[in-house]
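Per-entry structural report
Residue strings, one per chain:
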Amino acid sequence: MDVDYGGEAGCLDPELLQLNEVSPLAIKSNPYVAEKLFEQWLSLPETTPLVKSLINNAKAGVPLNVSGATNSPKATSGNAIPSMFPAGSAPPLSPRSSSGSPRISKQRAGPSVLASPLRLVSEPAKELIPQFYFQNGRPPPNEIKERCLFRINQFFYGHPEGLQLLEFKPVTKEICKLPSFFSTALFKRIDVNGTGVVTREAFVDYWVHNNMLTKDVATQIFTILKQPDLRYLTHEDFKPILRELLATHPGLEFLQSTPEFQERYAETVIYRIFYYMNRAGNGRLTLRELKRGNLIAAMMHADEEEDINKVLRYFSYEHFYVIYCKFWELDTDHDFLIDKENLIRYGNHALTYRIVDRIFSQVPRKFTSKVEGKMGYEDFVYFILSEEDKSSEPSLEYWFKCIDLDGNGVLTKNEMQFFYEEQLHRMECMAQEPVIFEDILCQIVDMVGPKDEGYFTLRELKGSKLSGSVFNILFNLNKFMAYESRDPFLIRQERENPTLTEWDRFAHREYIRLSMEEDAEDASNGSADVWDESLEAPFYLRGQTFFVGAHNRRLAKLFNESPSMIKAERVNLHKMILLLTTTKKFEFFSSEKGFSVSKLHKIKILR
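Residues numbered from 1 in each chain as written. Predicted model: local features only at pLDDT ≥ 70, side-chain atom pairs only at ≥ 80, totals over all residues. Heavy atoms only, no water.

The name that an unreviewed UniProt entry assigns to the chain is Putative calcium-binding EF-hand family protein, with the source organism given as Helianthus annuus.

If you want it as structure tokens, here you go:
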């Protein structure tokens, strides 16, 4: 039989030839061998009938059996490809590397039944990948779902019409595991129609069917607070929960009669949250930023702790008091704005004029006040947190921008010298021994340890525990001198309680200082004896408020319009003065002859 074949034998795949006696590597290395082997195979007597049968079967439409192996003896004996080597005379195959070509390394089940280079390649089995992304959160497991539904039935039992706001508070605490002051926000989120009640079906649909049950606490809080069409939180989103905190927390009960003061407290808390959490500084708190911060833990702590002053993160009333008093002292005209001349007096004129100019050039942060050349209360909160805690990353970023005059992302020798020149001049004016800049630069290099001593990057400053002292050296003379003559006793105190930040220690010291100053003022005025409780019996006001001291009638007249539950005794505290300075009642109080604002520092709110 004359068989005409076209194409080049060198293009044949050696494995498709299925020659177990010859190594495919040898064929690939010499295409001429493949051509001769193919010609020899066609010349064999067994090949001609096999090829004819395959052609006839193809014309008749009979399916070809081209499986790689078969257990049928007939198929093996009738259709096997005739060997080109005598039995037992095949040369040994060379060993194949397991790390070679994927084609070489794959296993074959056995020799092909057909004498054809065609093989059927089986498709790999499809691996079922379970769903790992759920747009509305992962559905809860049946066990957790049934347990939650059982608890929901217990709370809604006996309330077929639903729960009102006051009745809904335990649901927020026990089932949702959220702070109790989230109940109003959660209630309104479920009661979208404003009916005043939340039914069992509505709560199950929101909390269980929307998969809120399986989300982490940060995602739950983020979903409850944010506006439906936004993907971030704003200042306004935090106000509902802070209003409920002020209305329900026992440590803030004394502020219920002064809405203006409550508003200032809420604003300060929000400013502190965004200062530490919103690292982008755009007033838009994202879910990622919320998860990275410690706000959730602080909220849980505030809900469990009756003394709000023990919640040092964000919610401490004493911290707010210190911030507000410092602002009030600088704001001499009480227009709630501060200019350069006001800020230069901060910390007993601790800051240099050059750094104050940089602050008012709005390089570290754009002012929120609408008045040109004026700093608002929010801007002051960012300033004082940065100034009094230079160990935090927001503070380091704040002051780095101030010193980086050209905005190229590094602090050079000339930039630092520019700010230190004024420090050097001030030391000379105060008859202090001046320290030349070259010595200061060597000290800063030792403190930071930069890769290149010619400049400092923000990353290098963040990696050093002494970066705050670097900025104090450049523009805060009082803290620079305190660092040079630091007290070992204070250092030991800091090591004993490392959990406190520099801001925590500053706020504590400042609060004590304000108290001592008011005590000294009382003693200098000779008015300390008038607060003797034996001089006058307590004066009751509407059965809700009483004061102790010789000025009971004036205080009673001052707070006569207040319905709050306030009790006071002869103990030092400053909080009552802000109740006056934030309201119009201060004008009446200051006009009383022989009675100064400092007397109110003798009043303490009993919890």
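Comments concerning the overall build of the chain
Secondary structure summary: the chain contains 31 helices and 6 strands in total. Considering the chain as a whole, with its 607 residues, one finds that 43% of them fall into the buried category. Look at the contacts in the chain between residues 6 or more apart in sequence, and 65% of them connect residues 24 or more apart. Taken as a whole, the chain presents about 33,500 Å² of accessible surface, with 53% of it coming from carbon and sulfur. (Helix = DSSP H or I, 4+ residues; strand = E, 2+ residues; numbered from the N terminus. Buried < 20%, exposed > 50% of the residue type's maximum accessible area, 1.4 Å probe, protein only. Contact = heavy atoms within 4.5 Å. Areas by Shrake-Rupley, 256 points an atom, 1.4 Å probe, with all protein chains shown as cover.)

Focus on the packing of aromatic side chains
Taken as a whole and assessed by the stated rule, the structure comprises 37 aromatic pairs. Seen from their ring centres, Phe168 and Phe187 are 5.5 Å apart, and the 70° between their planes marks the pair as edge-to-face. Placement of Phe168 in helix α8 (residues 165–175) and of Phe187 in helix α9 (residues 183–190) is noted, with a sequence separation of 19 residues between them. Judged by relative accessible area, which is 6%, Phe187 ranks as buried. On the numbers, 5.3 Å between centres and 80° between planes, the contact of Tyr275 with Tyr382 is edge-to-face. (Phe/Tyr/Trp six-rings, centres within 6.5 Å; stacked < 30°, edge-to-face > 60°.)

Looking at unusual backbone geometry
Backbone geometry at His349 places phi at a positive 55°, although glycine is not the residue there. The topology assignment puts His349 in helix α18 (residues 346–349). Classification of His349 as partly exposed rests on a relative accessible area of 40%. Of note, Gln362 is a non-glycine position whose phi angle comes to about 60°, a positive value.

Thoughts on α8
The complete set of buried residues in α8 reads Phe168, Val171, Thr172 and Ile175. One side of α8 carries all its buried residues, which in axial view fall inside an arc of 110°. On the buried face of α8, the contacting elements are α7 (142–156), α9 and α10 (200–209). Of the residues one or two after α8, Lys177 is the one with positive phi, at around 60°. (Arc of directions from axis to C-beta.)

Here we look at the pattern of salt bridges
Using the criterion set out here, one finds 21 salt bridges in the structure. Between Lys340 and Asp357 there is a salt bridge, with the nearest N and O atoms lying 3.2 Å from each other. Here the residue Lys340 occupies a position in helix α17 (residues 340–343), and Asp357 occupies one in helix α19 (residues 353–360), the gap between them amounting to 17 residues. When its relative accessible area of 36% is taken as the criterion, Asp357 is described as partly exposed. Across the pair Lys479 and Glu388 runs a salt bridge, and its minimum N-O distance is 3.0 Å. With Lys479 in helix α26 (residues 477–484) and Glu388 in helix α20 (residues 377–388), the pair connects residues that are 91 residues apart, well separated along the chain. Residues participating in the shared-partner salt-bridge network are Arg279, Glu393, Glu397 and Lys462. (Salt bridge = Lys/Arg side-chain N within 4 Å of Asp/Glu carboxyl O.)

Side note on helix α21 (residues 393–403)
Among the 11 residues that make up α21, 9 are buried, leaving the element largely enclosed by the rest of the structure. The set of residues buried in α21 consists of Pro394, Ser395, Leu396, Glu397, Tyr398, Trp399, Phe400, Cys402 and Ile403.

Observations concerning the nonpolar core
Judged by nonpolar contacts, the single largest core of 121 residues is most densely connected at Phe203, Phe238, Phe315 and Phe383. Not counting chain neighbours up to four residues away, the residues in contact with Phe383 comprise Leu343, Tyr346, Leu351, Ile359, Met375, Tyr398 and Trp399. (Core = buried A, V, L, I, M, F, W, Y, C linked by side-chain atoms within 4.5 Å.)

Notes on the UniProt feature "domain: EF-hand" (unreviewed entry) in the chain
With numbering aligned to this structure, UniProt lists the feature "domain: EF-hand" (unreviewed entry) at residues 391–426. Along residues 391–426, the helical share is 69% and the strand share 8%, with 25 Å between the first and last C-alpha atoms. (UniProt positions renumbered as here; feature names shortened; annotations may be inferred.)

Side note on the packing of α7 against α8
The contact between α7 and α8 brings their axes to 11 Å, and the two run at 160°. With respect to α8, the axis of α7 lies roughly antiparallel. For the element pair α7 and α8, the recorded crossing hand is right-handed. Each of Cys148, Arg151, Ile152 and Phe155 in α7 lies in contact with α8, whose residues at this interface are Pro170, Val171, Glu174 and Ile175. Within the contact of α7 with α8, the residues separate by chemical class into 6 nonpolar, no polar and 2 charged. (Axes fitted to C-alpha atoms, helices over the stretch in contact; angles between N-to-C directions. Parallel < 35°, antiparallel > 145°, perpendicular 65-115°, else oblique. Left-handed = near helix turned anticlockwise from the far one by under 90°. Nonpolar A, V, L, I, M, F, W, Y, C, P; charged D, E, K, R; others polar.)

Topic: the side chain of Glu378
Position of Glu378 relative to the elements: it lies in helix α20. Among the polar contacts listed, one links the side chain of Glu378 to the side chain of Arg365, at a separation of 2.8 Å. When sequence neighbours within four positions are dropped, the list of residues in contact with Glu378 reads His235, Tyr271, Arg365 and Thr368. (Polar contact = N/O pair within 3.5 Å; in protein donor to acceptor, adjacent residues only side chain to side chain.)

Side note on a nonpolar patch on the surface
Residues Ile129, Phe132 and Tyr133 make up a contiguous nonpolar surface patch of about 440 Å² in total accessible area. Note that Phe132 resides in the loop between α6 (102–105) and α7. (Patch = residues over 30% accessible without salt bridge, like charges linked within 9 Å, V, L, I, M, F, W, Y side chains within 5 Å.)

A few points about the confidence of the model for the chain
When pLDDT is averaged along the chain, the result is 76; 69% of the residues meet or exceed 70. A low-confidence stretch, residues 96–115 (pLDDT under 50), is modelled with 39 contacts involving residues beyond four sequence positions or located in other chains. Ignoring residues within four places in sequence, the model shows residues 528–607, a span with pLDDT below 50, making 161 contacts including any to other chains. (pLDDT = per-residue confidence, 0-100.)

What about the side chain of Asn472?
On the secondary structure map, Asn472 appears in helix α25 (residues 467–475). In this structure Asn472 comes out as buried when scored by relative accessible area, which is 12%. Once residues within four sequence positions are removed from consideration, Asn472 is found in contact with Lys390, Gln423, Lys479 and Phe480.

Focus: the packing of helix α16 (residues 317–330) against α20
At a closest axis distance of 11 Å, the pairing of α16 and α20 adopts a crossing angle of 115°. Relative to α20, the element α16 lies roughly perpendicular. Crossing of α16 over α20 shows right-handed handedness. Counting all contacts with α16, which are made through Phe320, Ile323, Tyr324, Lys326, Phe327 and Leu330, the residues of α20 involved are Tyr377, Phe380, Val381, Ile384 and Leu385. For the contact of α16 with α20, the residue count by class is 10 nonpolar, no polar and 1 charged.

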